[in-house]
Amino acid sequence: MKASSKKMPKGENLFIAAKVRPCSDKKNLRSPLITDSENSIITVKSTNKEQRFHLNNVFDENATQEKVYDIVAQPIVDDFLGGINGTIFAYGQTGSGKTYTMNGNKISETSDSPTRGIIPRSIESIFEILNVQSKKDPRSFTFSVKCRFIEIYNDTLYDLLQTNNAAIKILASGEQILTVGAAEFVVTSVEECLLHLRNGWKNRKTAETSMNRESSRSHAIFMLTLVTEEIKGTFFNRRTSCLNFVDLAGSERQKQTKNTGELLKEGACINQDLSHLATVIRDLGDAKKYIPYRDRFLTLLLRDSLGGNSRTSVIVTVHPNREFVGDTLSTLNFAENCKKVKNKAKLKKINRL
Ligand SMILES: Nc1ncnc2c1ncn2[C@@H]1O[C@H](COP(=O)(O)OP(=O)(O)OP(=O)(O)O)[C@@H](O)[C@H]1O
């Protein structure tokens, strides 16, 4: 299988898209956002100025989940099948549609549901392509897919696939980032993989806040590892690649959320992680020599996805309501900084028989 970069610009830069969710308040029709999807520009009108952001893609509030998948995720999935690591992550303020974009409208949606998100669509595409290849050539092509699912909650890592939701450790060993103690399951079909995804999602920490009825209180990372073995003439080709789907918790302003107690503590931890992520992205954009990945679990886990051996797509989600214009600007500035980050995705070498 060949790695390809269909629809994604050649080169190593991160692919950055913005998505506007539908307005939550029908009376609030004076949205400060103007989307020009044809030219991939989003403009924010605040009190007395206009700020334009030119990204790789801009999806307006009518964009379908299928379109978002085709542009943001399919090229990364194709490369993953060809042996190249990939990451797709969603970033944005609380309630702006990250979980909707990554997973869908509900935890379990059927395979014909138009609202299913990037993760189930990617899983379907991966197994469809692998099964076609292995049926065509069962003696010379074999594959194995494994999945893990972890969350970072209040500065601790948990395994979402273990019923006791066990705490796990993260270790940086040379080029590798290891999640020690995380369960890893072999999955042989779309259904099996989706079952783990849904079970893990149910274990994820969420809570009702004033901004979102089911707000994620943790960063969730669903990880797939693929090993393919192919014999071509006198060549034996073994490739390993990882694909991470990251649904970050949303940034939140205490003034707006009015959270107290545990929710306030969680919010502070989420904001610290996101602020450190923004620092790492800025430092990478400025080509600094030392990047402080190790200072937070989130950035350590994403080390390869940001400035490392991976192809990465970032989808920033924004709310069209005027009251959130400050958060929208902050999210789009984050997107603007991501544009400067360069990755160095590598394909492992072919071994001769
Ligand atoms: N494109 C969309 N179309 C229809 N509904 C949407 C869309 N995007 C988001 N929503 C709805 O908006 C609400 C908030 O979305 P979601 O939970 O995905 O936000 P979030 O960014 O993940 O929030 P948090 O950071 O608080 O977890 C949900 O009820 C979701 O169904």
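Please read all numbers here as calculations on a predicted model, not as lab measurements.

Draft legend 1. Highlighting the overall build of the protein chain. The helix and strand inventory of the protein chain stands at eight helices and 17 strands. Taken over 353 residues, the protein chain has a buried fraction of 55%. Long-range pairs, those at least 24 residues apart, make up 70% of the contacts in the protein chain between residues at least 6 apart in sequence. Working note: accessible area of the protein chain is about 16600 Å², and carbon and sulfur atoms make up 50% of it.

Draft legend 2. Here's a closer look at the confidence of the model for the protein chain. Scored by pLDDT, the protein chain comes out at a mean of 88, with 89% of its residues at no less than 70. Per-element confidence in the protein chain is highest for strand β11 (residues 185-187), whose mean pLDDT is 98, and lowest for strand β17 (residues 351-352), whose mean pLDDT is 60. Below a pLDDT of 50 lies the segment residues 4-11, which in the model reaches 20 contacts outside its immediate sequence neighbourhood of four places, other chains included.

Draft legend 3. Geometry of the environment of N62. Note that N62 resides in the loop between β5 (57-59) and α1 (65-81). Through-space distance from the C-alpha of N62 to that of R198 is 26 Å; in sequence the pair is 136 residues apart.

Draft legend 4. Structural detail: the UniProt feature "binding site: ATP" (unreviewed entry) in the protein chain. Those residues carrying the UniProt feature "binding site: ATP" (unreviewed entry) are G92, Q93, T94, G95, S96, G97, K98 and T99 in this numbering. Position of S96 relative to the elements: it lies in the loop between β6 (86-92) and α2 (98-102). S96 gets classed as buried once you look at its relative accessible area, which sits at 2%. Residues contacting S96, with those up to four places away along its chain left out, are R21, T317, V318 and H319. Checked against the element boundaries, T99 lands in helix α2.

Draft legend 5. Broad picture of the site of the ligand. Looking at the ligand, there are 16 residues lining it, with T94, K98, Y100, S215 and S216 nearest. Within the side chain of R21, one N or O atom sits 2.8 Å away from an oxygen atom of the ligand. Between the ligand and the protein, one listed contact pairs an oxygen atom with a backbone N or O atom of G95 at 2.8 Å. Looking at the shell around the ligand, the elements that each hand over two or more residues are α2 and β13 (215-216). Looking at the shell around the ligand element by element, the count peaks at three residues for α2.

Draft legend 6. Highlighting the pattern of salt bridges. Tallied over the entire structure, the rule returns nine salt bridges. A salt bridge links E124 to R116, with the nearest nitrogen and oxygen atoms 2.8 Å apart. An identical accessibility class is assigned to E124 and R116; each is buried. A salt bridge links R148 to E184; the shortest N-O distance between them is 3.5 Å. In this pair, R148 is assigned in strand β7 (residues 141-153) and E184 in the loop between β10 (176-180) and β11, connecting sequence segments 36 residues apart. Residue class for R148 comes out buried when judged on its relative accessible area of 14%. E184 sits in the partly exposed class, given a relative accessible area of 37%.

About the criteria used
- Residues numbered from 1 in each chain as written.
- Predicted model: local features only at pLDDT ≥ 70, side-chain atom pairs only at ≥ 80, totals over all residues.
- Heavy atoms only, no water.
- Helix = DSSP H or I, 4+ residues; strand = E, 2+ residues; numbered from the N terminus.
- Buried < 20%, exposed > 50% of the residue type's maximum accessible area, 1.4 Å probe, protein only.
- Contact = heavy atoms within 4.5 Å.
- Areas by Shrake-Rupley, 256 points an atom, 1.4 Å probe, with all protein chains shown as cover.
- pLDDT = per-residue confidence, 0-100.
- UniProt positions renumbered as here; feature names shortened; annotations may be inferred.
- Near = heavy atom within 4 Å.
- Polar contact = N/O pair within 3.5 Å; in protein donor to acceptor, adjacent residues only side chain to side chain.
- Salt bridge = Lys/Arg side-chain N within 4 Å of Asp/Glu carboxyl O.

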